[in-house]
Amino acid sequence: MRLRSSLRPCALVLATALITACAATPTATRTPIATTPAAPPQVEVPVIKRPDGETAAWWFRHGAAEAARRGSTTAKARNLILFVGDGMSLTTVAAARILAGQRAGQSGEEYRLSWEDFGHTALSRTYNTDLQTPDSAGTMSAMATGVKTRGGVISVDQSMKRGDCTGLAEGARLSLWELAADAGLETGVVTTARLTHATPAATLAHVPDRNWEADIDTPEAARTLGCIDIAQQMIANPHGHGPTVLMGGGRVNFMPASQTDPEYPEQIGRRKDGRDLIAQWQQAHPKGSYVWNNAQLAAAPQDAPLLGLFEPSHMQWEHERNASPEGEPSLAQMTRAAIERLRHNDKGFVLLVEGGRIDHGNHNGNAFRALKETIAMSDAVRTAREMTSEADTLILVTADHSHSLVFTGYPDRGNPILGLAANKDAHGVTKPTLAKDGLPYTTLVYANGPGHRDAAKRPDPSLEDTAAPDYLQQALVPLEAETHGGDDVGLWASGPGADAVRGNIEQNTIFHLLLQAQPALRQSVCARYGCTAEGVPVNLPQSH
Ligand SMILES: [Zn+2]
């Protein structure tokens, strides 16, 4: 990418020189003028005492500087797609790649998930401003707003305390999706989790507590101070014409308690304020379609807005998913439906696609589902790359944070990734490696979580089917839910601006890698909030 773009001007100069030479005296020789690409803009970042001196403005400028000095402002992307594998640690990626390969009849280690063929990678540091090991709300807020913030908050900065709505007007930070909508681009959000869950919420909502998904979750005191529940903010975002595509689960957060769920009549809406947010969306989008199953999705026009709410809570695991007309789409099918509707705008689009349940599989201590959800995200990324051009669409694939899944032992090449760590002996017989307690162990284990067996002696995993969908890998520390990990996650990039994705970055820089690579969006932000002389957006966009 870098090589090609620096060669192209030279080739042009050479061609021009040759034509000129032919037109003038045949003996004239011309030396092509050497064109060195302009040095990337340097942004001064104040030296502060950390962490005490960190502010939202400082984080924004720091992220802008990290992206600009890698050359993001020279890119000309039209469309921006951010894929977030929630909780997709590098270990999860490595194990999922092997499972996918083994299911395709290969040894597995050589298999490549779709984004592993992208030419540009970086490592992303995921800590929150107040947590060494982060949560999804703070991490997605960093990627959505360009500003690192506290754990548990949704696109508000660290000036606010979790659960306290005081200072919302000053603390709310505009997201890339809102800035894009203001610039006239199309925007969309797709997830397999509830649409009101932390990661999707951070694209369109601003609240100091990720749990305020519906009105009944939002304390009266917070509502008095102006905090609005996440579902309402997702449906009625005031920027531009709002999102064109919203797809995921979490249906009951949008329905009043007087309504029964269309798919599960025993369930009712969660809203106590009587608001029917689905009807409200339909009134605001008279040509749009509200869908809640595959048949309705297939029938919805591709040139109109789409609201898809496929489950009362999170969507089904890919492993259990009902793919029939009455069932629900895969992440790849939702990605396809989103791009079909967003690509009609010549200005371009900004799309979030979240593989939301990789995280849930890991929290449950259930590697099988975490890996299957990761493979489903690989299919979704492949769909996006096939439907768009590398010439005009920047695709970033990353995770919001890591998990405690570990991949250890010395199993043979091709050993089943969900099996016991095992090797062939001199007679070609595969035998599990025995630990000091005389028992075998699985290649994949968790450092903590529900997989801890409450027994004096570790149970023998060879007595269980470790590849079964519901098997919980053994865990060292007993916890009800397995925890996130604090290690770096991967960032993979393809398309214009991808060559700026390198080195080790702070997670909030991902916002700037996207923003700076889209000229119309960058210019719109510069016009509203100011930029450096070289056109780098370094000022915090103010929402009030
Ligand atoms: Zn989580």
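Values in this document were obtained by computation on a predicted structure and should not be read as measured data.

Each value, and the rule that gives it
Residues numbered from 1 in each chain as written. Predicted model: local features only at pLDDT ≥ 70, side-chain atom pairs only at ≥ 80, totals over all residues. Helix = DSSP H or I, 4+ residues; strand = E, 2+ residues; numbered from the N terminus. Rg over C-alpha atoms; globule rule 2.2 N^0.38 Å. Buried ≥ 20, exposed ≤ 12 C-beta atoms within 10 Å, placed from the backbone. Contact = placed C-beta atoms within 7 Å. Core = buried A, V, L, I, M, F, W, Y, C linked by C-beta atoms within 7 Å. Pairing = 2+ DSSP bridges. Axes fitted to C-alpha atoms, helices over the stretch in contact; angles between N-to-C directions.

1. What to know about the overall build of the chain
Piece 1. From N to C terminus, the chain includes 16 helices and 17 strands.
Piece 2. In terms of C-alpha radius of gyration, the chain reaches 25 Å, essentially the compact-globule figure of 24 Å for 544 residues.
Piece 3. Here the chain, with 544 residues, has 52% of them falling under the buried criterion.
Piece 4. For the chain, restricting intrachain contacts to residue pairs at least 6 apart in sequence, the fraction spanning at least 24 positions comes to 69%.

2. Some details on the nonpolar core
Piece 1. Membership of the largest hydrophobic core comes to 136 residues, with the highest contact counts inside it found for Phe83, Ile154, Leu396 and Leu514.
Piece 2. Broken down by element, the residue count for this core peaks at nine residues, all from helix H14 (residues 367–387).
Piece 3. Sequence-distant contacts of Ile154, defined by excluding residues within four places in its chain, comprise Ala137, Ser141, Ala198, Ala201, Ala202, Ala205, His206, Val207, Arg210 and Ile230.

3. Thoughts on unusual backbone geometry
Piece 1. In this structure, the amide linkage connecting Arg50 to the following residue, Pro51, adopts the cis form with an omega of 5°.
Piece 2. Mapping Pro51 onto the fold places it in the loop between helix H1 (2–23) and helix H2 (56–68).
Piece 3. Positive phi, normally seen in glycine, also occurs at Ser155, with a value near 45°.
Piece 4. Checked against the element boundaries, Ser155 lands in the loop between helix H4 (136–145) and helix H5 (168–171).
Piece 5. Given 29 C-beta atoms within a 10 Å radius, Ser155 is considered buried.

4. A closer look at the sheet that holds strand S4 (residues 245–249)
Piece 1. Pairing within the open sheet is mixed, and its 10 strands lie in the order S5-S6-S4-S3-S7-S1-S8-S16-S2-S17. Each of the sheet's edge strands pairs with one partner strand only, and the pair in question is strand S5 (289–291) and strand S17 (504–506). When strand polarity is set aside, the average angle formed by the axes of neighbouring strands in this sheet is 15°.
Piece 2. The pairing of S5 with strand S6 (residues 306–309) spans three bridges and is classified as parallel. Among the inter-strand pairings, Tyr290 is bridged to a residue of S6, identified as Leu307.

5. Structural notes on the sheet that holds strand S13 (residues 444–449)
Piece 1. Strand order across the open sheet formed by three strands is S10-S13-S14, with mixed pairing between neighbours. Both outer strands of the open sheet, strand S10 (405–407) and strand S14 (475–478), are each paired with one neighbouring strand and no more. Across the sheet, the mean angle separating the axes of adjacent strands is 20° when strand polarity is ignored.
Piece 2. As judged from the three bridges shared by S13 and S14, these two strands associate in the parallel manner. Within the sheet, the bridge partner assigned to Tyr446 lies in S14 and is Ala475.
Piece 3. Along the sheet, helix H3 (residues 90–103) makes contact with S10 and S13, crossing S10 at roughly 55°.

Coordinates in, geometry out; function isn't part of it.
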